[in-house]
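Topology and contacts: notes
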Amino acid sequence: MTGKHAKCFRPGLILTQALCFLVLTCATVLAGPATGPTDRVKQGADELIQILKGPHFQNPAQHDEAIAILREAAEKYIDFEEVTKLTVGRKWLDMPEAQHKEITEAFIKLLERTYLKRIPTYNNEKVNYKKELLKGNRAMVLTEIVSGDKTISVNFRLKVIENQWMIYDVVAEGVSLVKNYRSQFAQILQDGTPDDLIARIRDRVKELDAKGDDETDKL
Amino acid sequence: MKVKITALALLMAALLLASGPAFADGSTLQGDQVAQFSDFDEVWSDSGHEVDQDAPKGPLVHDPLENWNRIWFYYNDAFYWGVAKPVAEAYAWAVPEPPRKCVRNFFTNLWAPVRFVNNILQGKFDAAYMEFSKFLANTSWGLLGVFDVTEGRPRNWMPERPTADGMGQTLGKAGIGHGVYLVWPFIGPSSIRETVGWVSDSYMDPITYGDFTFVEFMVIRGYKNLNQLSLELRGNEYETLTEGAIDPYTALRDAYIRYRAKKVQE
């Protein structure tokens, strides 16, 4: 009886139990991020909508500030380096780290000026989450945005980066953001260097800024 | 006159269709060919279907007439910013939204035969039935389609798939490819397949059978498009796409082909 009881307190068993516990805990951590892909997209959408409803967007004078706030929020859910990497394609591997940073920053500025500025025009829309596809560290979330009598299909591609689901592509009505820019980048990279591409993106940003100023003057 | 024009357009389309393969040879798009290492391999397509990794990755669309197409793209773009948009803005300023919506409803209702016939051809009988009953309701209770009396009403059932949008989609469903990418003046991005579709659709458009001269016909078509644009001045896809692009021509071609592919798939 005592012998049997004593067996339970064998240091070996305690060690095994501890190990089991450790392995199990590690396994749950390794099993993936705490928040699933759909919830991540939901969180991101909700956060952006909250910001859009906020005071900065009621006042045109605070527009630049508003864009900065939006970008900060967007970066929590969208991995822009991954977006840029997939857009550039194979040539990304031949580019030095400094160039990765340069092109990512230039590309963010372009997306910011094109898309973030336009988000406020899409107001009061409802998002329907239709389906979630999951395979390893990749996921796709299929949604439908309903605004008035119009329904737009919007699909998000996500990937686990630093133990968190991050968006790296948006497909609106069958048009993938990454692929659309990839077709443009590919042509420029075929005829020129990555520096040419960076210069082209920066020129475009400058043009958009100049145009934006004109429009503000008109208002 | 009208018959001659459509016959000419049809002849051109047939010619292009026949010459498509000759043009198509040797031109490839770089688009999808980067998918060589695992990071670039896609698990699902843009619409969420499993991707067959071994499937050959061809070009998105053949564009052997690129230089010619570019001329018309830049022409259309200049026309959009210089003429179409300012005129639509002035029109939107002068005419309040409700009457403009009535005009849109009228033209949408008039286009019902196109949707009905293509629904039948695509085997979407439920959508065809819905189009038919909508057409009856809007033409009678909606005063010749000026009011959409069916909009936003609860329905006992809904067609499983979205209604057909034209013959181009029907041809695509039948397995016919785009052939060659084309940009038409004023009309914009198209392809051999979509041009054939567009001409066929015109035969089903009641306006074609009205007693109009060619000029009147063009004015009506132009007004329909202008009215449509006046309702889409905010958050306009064309502007977002081309303004954010570093090569707007390529951006529009890619978006057009992918958007049509999605339409063919649904």
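Cut-off values and rules
Residues numbered from 1 in each chain as written. Chains lettered and ligands numbered in written order. Predicted model: local features only at pLDDT ≥ 70, side-chain atom pairs only at ≥ 80, totals over all residues. Heavy atoms only, no water. Contact = heavy atoms within 4.5 Å. Buried area = accessible area lost by both parts, 1.4 Å probe. Salt bridge = Lys/Arg side-chain N within 4 Å of Asp/Glu carboxyl O. Polar contact = N/O pair within 3.5 Å; in protein donor to acceptor, adjacent residues only side chain to side chain. Pairing = 2+ DSSP bridges. Helix = DSSP H or I, 4+ residues; strand = E, 2+ residues; numbered from the N terminus. pLDDT = per-residue confidence, 0-100. Buried < 20%, exposed > 50% of the residue type's maximum accessible area, 1.4 Å probe, protein only. Core = buried A, V, L, I, M, F, W, Y, C linked by side-chain atoms within 4.5 Å.

1. Some thoughts on the interface of chain A and chain B
Contacts between the two partners involve 46 residues from chain A, matched on the other side by 43 residues from chain B. Between chain A and chain B, the buried area comes to about 4000 Å², and carbon and sulfur atoms account for 52% of it. For the pair chain A and chain B, the interface holds 6 salt bridges. One salt bridge in this structure joins Glu50(B) and Lys135(A), with 3.5 Å as the shortest N-O distance. At the junction of chain A with chain B, the criterion picks out 15 residue pairs in polar contact (both at pLDDT 80 or more).

2. Let's talk about the sheet that holds strand S3 (residues 150-160) of chain A
Residues and elements named next belong to chain A. One open sheet accounts for 5 strands, arranged S1-S2-S3-S4-S5; its pairing is antiparallel. Lying at the two open borders of the sheet, with one neighbouring strand each, are strand S1 (126-135) and strand S5 (175-176). Bridging between strand S4 (residues 165-172) and S5 involves 2 bridges; their strand directions are antiparallel. If you follow Ala172 over to S5, its bridge partner there is Val175.

3. A short note on the confidence of the model for chain B
All names here are of chain B. Residues at a pLDDT of 70 or more form 82% of chain B, whose mean pLDDT is 81. Taken together, the stretch residues 20-37 has pLDDT below 50 and engages in 34 contacts with residues farther than four places along the chain or on a different chain. Confidence estimates for the predicted assembly give a pTM of 0.79 and an ipTM of 0.77.

4. Some thoughts on the pairing of strand S1 (residues 181-184) of chain B
Bridging between S1(B) and strand S2 (residues 188-191) of chain B involves 4 bridges; their strand directions are antiparallel. Paired with Tyr181(B) across the strands is Ser191(B), a residue of S2(B).

5. Quick notes on the side chain of Thr84(A)
Residues and elements named next belong to chain A. With respect to the helices and strands, the residue Thr84 is situated in helix H5 (residues 80-88). In this structure Thr84 comes out as buried when scored by relative accessible area, which is 0%. Those residues in contact with Thr84 that lie beyond four places of it in its chain are Trp92, Ile103, Thr104 and Phe107.

6. Things to note about the nonpolar core
Inside soluble globular proteins, nonpolar side chains tend to come together where they are buried. Counting residues in each nonpolar core, the largest one holds 26 residues, and the members touching the most others are Ile103(A), Leu110(A), Phe185(A), Leu197(A) and Ile201(A). A per-element tally of this core places helix H6 (residues 97-114) of chain A first, with 6 residues. Dropping the residues within four chain positions of it, Phe185(A) is found in contact with Thr87(A), Val88(A), Phe107(A), Leu197(A), Ile201(A) and Ile246(B). If you look at the next biggest cluster of nonpolar residues, it comprises 19 residues, including Ala88(B), Val183(B), Leu226(B) and Tyr238(B).

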